[in-house]
Structure formats: structure tokens, C-alpha cells
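What the coordinates show
Spelled out from the first residue to the last, the chains are:
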Amino acid sequence: MSNAESYPIGQATTWPSADIAAAWRRELPGVRTESIEVITPIWRIAKLLADERRRTLARLDIDPSTLDLLSVIRRAGPPYELTTREITRRTLVTAGAISQRITRAEQAGLVERSPSTASRRAVAVRLTDAGHQLIESTVRELLEHEADLIAALADEDHTYLAGVLAKLETSLNAAESSTSD
């Protein structure tokens, strides 16, 4: 499949969204086109940011799934330990996928497992010193780089955009929840 065929995830185009919307209004009068000027730029930006994150993580020599696992545990605060069930809940990834991630990270010396004090059957996953150092250095570099990517936004633009995107995300999550019930 070519990049053009895999749109919206494929090659980002620079054709203005307003022109796309106008063309559809001309070609299909009466069809609602207001989503085009919002969703098309979001897809394009998501593609650009995803590509940039992939390149950055490759440069930092960490894969996205390991970043996700270590980040979840690090953000939990001291003692930087969570049960496998809590990791699954916080990452929205299946228990099987979490188990595989933990195994890879454990083999790399980034985490260690132990019986949890939460219950007899629970397993605790804790960052090792190497895991702690890796996630802190990676997140510092990644967030610094991503802050540079949005540096074109003034503080008030950032605040406004973050609020609007949060509102849209909440609305989309609510819509998805109501259709999956």
C-alpha cells in the first residue's frame, strides 16, 4: 500500500483543509464538511509528531513499549513500584502485552518483579537503578525536544489549544463509551 493509499496515517499532504472542505461542498452540496478543517489538520499533525517521536526514541535507543512501561512505574512515585494489574489499568494495554513488556524490561535489567504486599497473588514490578536512570534521562530529552516542537505556540495559544483538545478528547471518549455499552 502506498503512502497516499494509507491516508490519513500515510504521507502528510499540504493541501489546505479549507480547500478540501470547499471542494466537497461544491461536489456534494448539503453534506456537512465542518469536520474537515479540524480533523484533517489533527491527522496531519499526529502523523508528523508520531514520526518525530519514532525518530527521537530510536536516537535515544528505547522502544515505545519500554518507554510506556517505565514511565508508568516512574510516574507512580516512590517506591517506583506497581502491581502488574495496576500497570495494565494505567496503560490500557492487555495483560498479555504487559507481561511481555515486563519480561523484556526485566531481561534488560530495567525492572524487577517480586511478590506484592497488595495480595498473595499480585506481582509487584519495581524500577531498578538502571531503569530509573534510563527513564529519567529519556523523558528529560524527549520532553525537551517535544517542547521545542511546539515552541511556535505562544503561552496563551498553548493554554487555549490544550483546553480545546481536552474538550474534544473527552467528547470522543464519551461517544465511544456510549457506543460500546
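Residues numbered from 1 in each chain as written. Predicted model: local features only at pLDDT ≥ 70, side-chain atom pairs only at ≥ 80, totals over all residues. Heavy atoms only, no water.

1. With respect to the overall build of the protein
When helices and strands are counted, the protein shows seven helices and three strands. Its C-alpha atoms give the protein a radius of gyration of 21 Å, more than 25% over the compact-globule value 16 Å for 181 residues. Relative to its 181 residues, the protein shows a buried fraction of 27%. In the protein, the proportion of contacts linking residues at least 24 apart, taken out of those at least 6 apart, comes to 50%. Put simply, the protein shows about 12,500 Å² of open surface, and 56% of that area lies on carbon and sulfur atoms. Taking the 22 positively charged and 26 negatively charged side chains of the protein as two groups, their mean positions are separated by 6 Å. (Helix = DSSP H or I, 4+ residues; strand = E, 2+ residues; numbered from the N terminus. Rg over C-alpha atoms; globule rule 2.2 N^0.38 Å. Buried < 20%, exposed > 50% of the residue type's maximum accessible area, 1.4 Å probe, protein only. Contact = heavy atoms within 4.5 Å. Areas by Shrake-Rupley, 256 points an atom, 1.4 Å probe, with all protein chains shown as cover. Lys, Arg positive; Asp, Glu negative; His and termini not counted. Charge placed at Lys NZ, Arg CZ, Asp CG, Glu CD.)

2. Some details on the pattern of salt bridges
A complete count under the given rule lists 14 salt bridges for this structure. Across the pair Arg-54 and Asp-51 runs a salt bridge, and its minimum N-O distance is 2.3 Å. Taken together, the residues span about one helical turn, with Arg-54 and Asp-51 both in helix α2 (residues 36-60) at a distance of three residues. A relative accessible area of 15% places Asp-51 in the buried class. (Salt bridge = Lys/Arg side-chain N within 4 Å of Asp/Glu carboxyl O.)

3. Observations concerning unusual backbone geometry
Most peptide bonds adopt trans geometry, and most residues besides glycine take a negative phi value. Geometrically, the link from Pro-78 to Pro-79 is a cis peptide bond, its omega value of 5° lying close to zero. Looking at where Pro-79 falls in the secondary structure, it is placed in the loop between α3 (64-75) and β1 (81-83). A positive phi angle, near 60°, is found at Asp-61, a position not held by glycine. Topologically, Asp-61 is positioned in the loop between α2 and α3. With relative accessibility at 68%, the residue Asp-61 sits in the exposed group. Despite not being glycine, Leu-92 has its phi angle at roughly 60°, a positive value.

4. A word on the pairing of strand β3 (residues 123-127)
With three bridges connecting them, β1 and β3 associate as antiparallel partners. Note that in β3 the partner of Thr-83 across the bridge is Ala-124. As judged from the five bridges shared by strand β2 (residues 111-115) and β3, these two strands associate in the antiparallel manner. Bridging from a neighbouring strand, Arg-113 pairs with Val-125 of β3. (Pairing = 2+ DSSP bridges.)

5. Some thoughts on the nonpolar core
Judged by nonpolar contacts, the single largest core of 21 residues is most densely connected at Leu-70, Ile-73, Ile-87, Ile-102, Val-111 and Leu-127. Listing elements by their share of this core, those giving two or more residues are α2, α3, α5 (95-107), β3 and α6 (129-149). A total of five residues in this core trace back to one element, the largest contributor, which is α3. For Val-111, the contacting residues outside a window of four places in its chain are Leu-70, Ile-73, Ile-102, Ala-105, Glu-106, Val-125, Arg-126, Leu-127 and Thr-128. (Core = buried A, V, L, I, M, F, W, Y, C linked by side-chain atoms within 4.5 Å.)

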